[in-house]
Amino acid sequence: MVVIYNRGKEIFIPDFRWLFMSILSVKGLRKVYGDTTAVDGISFKVHRNEIVGLLGPNGAGKTTTINIILGVLEPNAGNITIDGLDIFSHRSKAIARTNFSAVYTPLPGNLTVIQNLRIFGRLYQVDNLSKRIEDLLVYFDLIKFRNKKCGVLSSGEQTRVSLAKSMLNNPQLLLLDEPTASLDPATARDVRVRIREFVAKGSGGVLWTSHNMYEVEEVCSRVLFLSHGKILLEGNPKTLPGEHGKKTLEELFIAVASERLTLEGS
Amino acid sequence: MSFYRIFTIVLRQLYLIRGSFSRMFPLFSWIAVDMVLWGFLTKYLNSVASAGFNFVPALLGAVLLWDFFGRIMQGVTIAFFEDVWSRNFLNIFATPLLISEYVSGLILTSILTSLVGLAVMLVIATAFFNLSFLVYGFMVIPFLLVLFLFGISLGIFGSALVLRLGPASEWFIWPIPAFISPFVGVLYPISTLPDWMQSISKVLPPTYVFEGLRAIIQGKPVSIALLGVAAVLAVVYIFLAYQFFVRIYRSALKSGLIARYSAESVS
């Protein structure tokens, strides 16, 4: 509640300022490995109910950026806040508001689906965890795999388990690193639908990396093009190609990947 | 610190052990073999040595305590290795879990798994070879405590080494108890050792346990002060080992090793 004074009287009104706060704020982020600058002073925001695409060629710095936001990699410089909390001074509280799914990080294959969801749900201290797990098993069509070890599932099924895990705590910030990379087109479409539902129904935001430009155009309301650790372009994926004289997002992607200087000058 | 999250680390290990015979079997198999082997050896020694000296509490009791120490250390490292083997660092360290909670979870896991081993050893040693802990009296409590604390410190230290050097370095960790055993005098008084080895013995807490154990058997008083020194040393080692683990973890956060652990090195 916010208190305002009108002719000496206190009036309490609901505080909606949080609605307009960005869920993720990254300022001047920089990460250097030896002689290589992986992330070079980037700044961006992700707002509530927004899906932001982080695009770029391999080695552009996308996964490095996501790892820093997840708190598993320390930057050389920069600030990050998640839901207003600085991740370096309030790491545990800030990370509790996030979750992630990455194609290169499957859940332990020697635990069953339900055991993995229970362990990670407990680490995020999810309220009413059993019900939340059951809901997610239904939502991601995993009921029949509940007692199967994750290691015996197909890559598509493992991705669905990983996505279920990433939504256990109803994160305010969901980080998805190529979440549909190992999925067939039909399953990938289902996953996109579910993530858009997650954003539409809740108050969270999503940072999404993908090399599938069709998918990015369909899902993301804004994209950031990253190359050599710098953000080169930012905008609406539907209008951005036209603004830079390209027909499709894929053409623009190829141009950014191979003709960095041309685009920087444009 | 959240006990709920600490217990979650234990729960993960319980799920793994419960569903796997190959994890359950080593909890008691090697130490059971040790008890049988040393049990018969002490019986044989009792039959050929001069009457009046009982080898059972001197040798079998010492081996039992040493195996307990080894189980404690391995309880910590194996729980840690489960995350190494399943490449789980990125998943687990990207949660709100604190590093202190993670290490506490490893320690708690070790306590539970070691108790299973201790129970099996006690059953075999007492039922088949007439080893009675009453011989040691209440001193068995500080003996176990010192070995427990030192086992924890070496377990944390070993885990930190593997975190720093990569998955293949786990083979440095398994032989650590064997490297230490000649110095701490598990089976003989440390006065048997040359001076330079005795200097090392004096900074290793188990030395005071095994010297104390032999003193009891010979009817001599146990130095409570020295056992106190051993306990303090063990606590100091736990503190140092934890600081070492945290330092390695922070260095891994900077180098990117946590996120790319299976590569073993980021260089």
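Everything numeric here is computed off the predicted structure, so don't read it as measured data.

Our next topic: the sheet that holds strand β5 (residues 51-55) of chain A. Residue and element names in this part refer to chain A. An order of β8-β9-β10-β5-β11-β12 is seen for the six strands of this open sheet, with the pairing classed as mixed. The open sheet terminates on both sides in strands that have one partner only, identified here as β8 (98-102) and β12 (230-235). On average, each strand axis in the sheet is tilted by 15° relative to the strand beside it, whichever way the strands run. Note: strand β9 (residues 173-177) against strand β10 (residues 205-209), five bridges, orientation parallel. Following the sheet pairing, L175 is matched in β10 by L207. Sheet strands touched by helix α10 (residues 249-258): β5, β11 (222-227) and β12. Its angle to β11, the strand with the most contacts, is close to 25°.

Once that is clear, we can look at the packing of aromatic side chains. In the structure shown here, the tally under the stated rule is 20 aromatic pairs over all chains. On the basis of an interplanar angle of 55° and a centroid distance of 6.3 Å, the ring pair of B:F80 and B:F81 is categorised as tilted. In textbook terms, an aromatic cluster arises when at least three aromatic residues are bridged by ring pairs, as seen for B:F80, B:F81, B:W85, B:F89, B:F93, B:Y102, B:W171, B:W174, B:F245 and B:Y249. When the ring centre of A:F120 is taken as reference, the NZ or CZ atom of A:K165 above it lies at 5.6 Å.

So, about the interface of chain B and chain A. Contacts between the two partners involve 32 residues from chain B and, on the opposite side, 30 residues from chain A. Interface area, chain B with chain A, both sides summed: about 2,800 Å², of which 58% is carbon and sulfur. Summed over the shared surface of chain B and chain A, the number is zero salt bridges. Taken together, the links from chain B to chain A amount to eleven residue pairs in polar contact (both at pLDDT 80 or more). Looking at the side of chain B that touches chain A, the elements that each hand over two or more residues are α1 (3-18), α5 (89-93) and α12 (224-255) of chain B. Here the side of chain B that touches chain A takes ten residues from α1(B), the largest share from any one element. Each residue belonging to the side of chain B that touches chain A can be placed in one class, and the counts come to 16 nonpolar, nine polar and seven charged.

Our next topic: α10(A). Within α10(A) the residues assigned to the buried category are A:L249, A:L252, A:F253, A:A255 and A:V256. Take α10(A) and look down its axis: the buried residues cluster within an arc of 165°, on one side only.

This paragraph deals with the pairing of β12(A). Residues and elements named next belong to chain A. Relative to β12, β11 runs antiparallel, the two sharing five bridges. Its bridge partner lying in β12, F225 is registered against L233. The hairpin turn running from β11 into β12, its antiparallel successor, is two residues long, and H228 in that turn takes a positive phi close to 50°.

Glancing now at the pairing of strand β4 (residues 36-47) of chain A. Residues and elements named next belong to chain A. One ladder, built from nine bridges, connects strand β3 (residues 22-33) with β4; its direction is antiparallel. Paired with V26 across the bridge in β4 is F44. The hairpin turn running from β3 into β4, its antiparallel successor, is two residues long, and G34 in that turn takes a positive phi close to 60°.

Residue and element names in this part refer to chain B. Where helix α6 (residues 99-129) meets α12, the closest approach of the two axes is 11 Å, and the angle between their N-to-C directions is 130°. When the axis of α6 is compared with that of α12, the two are oblique. Considering how the two elements wind past one another, α6 and α12 form a crossing that is right-handed. Counting all contacts with α6, which are made through I99, S100, Y102 and V103, the residues of α12 involved are Y242, F245, V246 and Y249. Class assignment of the residues belonging to the contact of α6 with α12 gives a composition of seven nonpolar, one polar and no charged.

The next subject is the pattern of salt bridges. One pass over the structure, following the stated rule, counts 15 salt bridges over all chains. A:K131 is paired through a salt bridge with A:D135; the nearest N and O atoms lie 2.9 Å apart. Of this pair, A:K131 and A:D135 both sit in helix α5 (residues 129-139), four residues apart, which is roughly one turn of the helix. On the basis of relative accessibility, which here comes to 45%, the residue A:K131 falls in the partly exposed class. The closest approach of N and O atoms between B:E101 and B:R5, which form a salt bridge, is 2.7 Å.

Calculation notes
Residues numbered from 1 in each chain as written. Chains lettered and ligands numbered in written order. Predicted model: local features only at pLDDT ≥ 70, side-chain atom pairs only at ≥ 80, totals over all residues. Heavy atoms only, no water. Pairing = 2+ DSSP bridges. Helix = DSSP H or I, 4+ residues; strand = E, 2+ residues; numbered from the N terminus. Axes fitted to C-alpha atoms, helices over the stretch in contact; angles between N-to-C directions. Contact = heavy atoms within 4.5 Å. Phe/Tyr/Trp six-rings, centres within 6.5 Å; stacked < 30°, edge-to-face > 60°. Lys NZ or Arg CZ within 6 Å of the ring centre and 35° of its normal. Buried area = accessible area lost by both parts, 1.4 Å probe. Salt bridge = Lys/Arg side-chain N within 4 Å of Asp/Glu carboxyl O. Polar contact = N/O pair within 3.5 Å; in protein donor to acceptor, adjacent residues only side chain to side chain. Nonpolar A, V, L, I, M, F, W, Y, C, P; charged D, E, K, R; others polar. Buried < 20%, exposed > 50% of the residue type's maximum accessible area, 1.4 Å probe, protein only. Arc of directions from axis to C-beta. Parallel < 35°, antiparallel > 145°, perpendicular 65-115°, else oblique. Left-handed = near helix turned anticlockwise from the far one by under 90°.

Any functional reading would require information that these geometric values do not contain.
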